[in-house]
Amino acid sequence: MSEQSQLRHVKLDTSLKSFSKLWNMFMQTKDRIEKNDKVVAKWRNFPPEIIYTLGGTPYDLLLHEGLATTTTRDVKSIGYAIEAGLSADSCPWNLTAAAGILPRKNSAPINMFLAAAGQCDISAKSWQIMSRNTGKPLYSMEIPAFHARSEKRSISFIEGELLSLFERLGRRLGRQYSESRLRNEIKRGNRIRSLLLDLTALLSHRRSVMTSLEYFLTNVTAGDYLQDPDHLASSLTEIKNEVEARSKEGESPHGILDDPIRIYYLGMAPQDLRLWNIIDSSGGSLVGCDTYLSLFSRLIPESGAILREFARWIWMMPHHMPSIDRAKALIQFVKQQKPDAIIIGNVIGCRNLSSSDRIVKETLREELGIPITSIEFGSSDEDVPLLEPQIRAFVEMCR
Ligand code: SF4
C-alpha cells in the first residue's frame, strides 16, 4: 500500500486497516481487465448493472486511466490523442483515457465502448475516436434530460432504449437479457449503494471519522463496482464496520482536527488525489461529495416492473437534470451532511458544470447560507498543489 501511495504522492490513512483491501482492488484493476475478453468501457455515471446483466465487465475508463497517470503522465501519448482528433481543450480525464488506449490499438484491453448521448459530449466524442482507432464497436443509448412534465413519455422512451441496447450488446456478449438477470444485478448494485449511503451517513455525525481521500475513493467504486460487486461489498462492509467502531469510540483519524470545517464537494474531481489530503491538512474534512452520487443517491426498487423502475431511476439521476433542478435535488443530500462550507470543483475543458457554476452556486447559497468557493484545475501536476493557499484561506475564513 505504501509503495503505491508514494507513487502518487498521496497520504493514505494507514490506521484504517480495512482500507488496504479496497486499495488493492484499485491497483489490480488493470491486470483484471487485461485478462478479460468482455470489457465494456463506460462513462462514470452510466449504471454498471446494464453491463453486468449481460455478463460483461464494466470498466470506468476515465477513472482508471486517469488516476493511474497522476504522476506518470505521458505527454507524447496525449499528443497522440490530439492527433487522433481529440481537441487539446478537452478535459484531462478524456485526454488521459484516450492517451492510454489509442497507442495500444489492437491490443487495447477494451472490447467495446458504451456511450450515453446527453451525458457528457466530450466523452461521447472521445469514445467515438477510440472506437474508430481501435476497431472496437461503440454502442450508445439516449437518455432524455429530466423534466417533471415529460415523465411518462421519457420513461417509456428509456425502457425502449434499454431493450434495444440489451439486444445489441447481448448479441455481442453472447448473453440474452432477462428480467430476472437485471433484478439480480440491481440487488447486487443496491448492496453497494446501501453501503455507500451508510458510510455517508456516518460522516454526517459531528465528529470526523474518515479522511477525505478514503471517503472519496469509496465513492468512486460506484463507477463500475470495481468489476466484482460481491467482493467489493465485503470490502466496503469491513470499512463500514471499522469506521462505525471509530464513531462509537469517539475516535478521529490521525491528521484530522477534532473540530474540522466540514466540507461538501460538488462537481468533477481532479485526477490528482492530493486535493483530498490538502483539504484535511488545511483543517477541513470531506463530509459528502456528489461526483459519483448519481449512482448511489437512491436505491433502485427491486420489486414490480423491474425494467420500468430501472428506467425511472435512470431518468431521475441528478446529473441528468438541468442546473437549477440539479441544485435543488442536491440540496437534500447536502443538508443531510451538515456541512459548514461547500467547494465546487471545475475541470478545465468540462462544460457540464463550469457553465452552470454560477447558477448552482447561487441556488445553494440562497438555500443553505454557508460559504461556497469554486476551484479550477486542469491536467498540470502543479494545478492541485497551487490550490493549497486558496483552500487553506477558505477553511480559515469559515472558522
Ligand atoms: S470532467 Fe466534464 S467533460 Fe470531463 S468527463 Fe467529466 S463531465 Fe465529461
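Residues numbered from 1 in each chain as written. Predicted model: local features only at pLDDT ≥ 70, side-chain atom pairs only at ≥ 80, totals over all residues.

Okay, the domain arrangement of the chain next. Per the domain assignment, the segments of the chain are domain 1 (15–176) and domain 2 (180–398). Put simply, the middle of domain 1 and the middle of domain 2, counted by C-alpha atoms, are 21 Å apart. Listed by partner, the interface residues are 45 residues for domain 1 and 47 residues for domain 2. Breaking the side of domain 1 that touches domain 2 down by element, the ones donating at least two residues are α2 (19–27), α3 (29–34), α4 (49–53), β2 (57–60), α5 (61–67), α7 (92–101) and α9 (151–173). (Domains from an automatic or database assignment. Contact = placed C-beta atoms within 7 Å. Helix = DSSP H or I, 4+ residues; strand = E, 2+ residues; numbered from the N terminus.)

Two elements in contact, helix α10 (residues 179–202) and helix α12 (residues 229–249), have axes whose closest approach is 10 Å; the angle formed by their N-to-C orientations is 20 degrees. With respect to α12, the axis of α10 lies roughly parallel. Viewed along their axes, α10 and α12 form a crossing whose handedness is left-handed. The segment α10 lies against α12, with R188, G189, R191, I192, L195, D198, L199 and L202 engaging P229, D230, L232, A233, L236, T237, K240, V243, E244 and S247. Its residues assigned to classes, the contact of α10 with α12 shows 9 nonpolar, 3 polar and 6 charged. (Axes fitted to C-alpha atoms, helices over the stretch in contact; angles between N-to-C directions. Parallel < 35°, antiparallel > 145°, perpendicular 65-115°, else oblique. Left-handed = near helix turned anticlockwise from the far one by under 90°. Nonpolar A, V, L, I, M, F, W, Y, C, P; charged D, E, K, R; others polar.)

One can describe the packing of α10 onto helix α14 (residues 306–315) by two numbers: an axis separation of 9 Å at closest approach and a directional angle of 45 degrees. By the criterion of interaxial angle, the relationship of α10 to α14 is oblique. Between α10 and α14, the contacting residues are E179, L182, R183 and I186 on the first element and I306, L307 and F310 on the second. Considering only residue class, the contact of α10 with α14 consists of 5 nonpolar, no polar and 2 charged.

What follows is about the nonpolar core. Within soluble globular proteins, side chains that are nonpolar tend to cluster in buried spots. Within the largest apolar cluster, 112 residues are counted, with the highest numbers of intra-cluster contacts made by A98, F216, I263 and L286. When residues of this core are assigned to domains, at least three map to each of domain 1 (15–176) and domain 2 (180–398). Apart from the residues lying within four places of it in its own chain, the contact partners of I263 are I279, G284, S285, L286, V287, P339, A341 and I343. (Core = buried A, V, L, I, M, F, W, Y, C linked by C-beta atoms within 7 Å. Buried ≥ 20, exposed ≤ 12 C-beta atoms within 10 Å, placed from the backbone.)

To continue, consider the site of the ligand. Of all residues adjacent to the ligand, which total 11 residues, the nearest are C91, C120, I122, M268 and C350. When contributions to the shell around the ligand are tallied by element, the ones reaching two or more residues are α7 and α8 (121–134). For the shell around the ligand, the residue count by class is 8 nonpolar, 3 polar and no charged. Taken domain by domain, the shell around the ligand gets at least three of its residues from each of domain 1 (15–176) and domain 2 (180–398). (Near = placed C-beta within 6 Å.)

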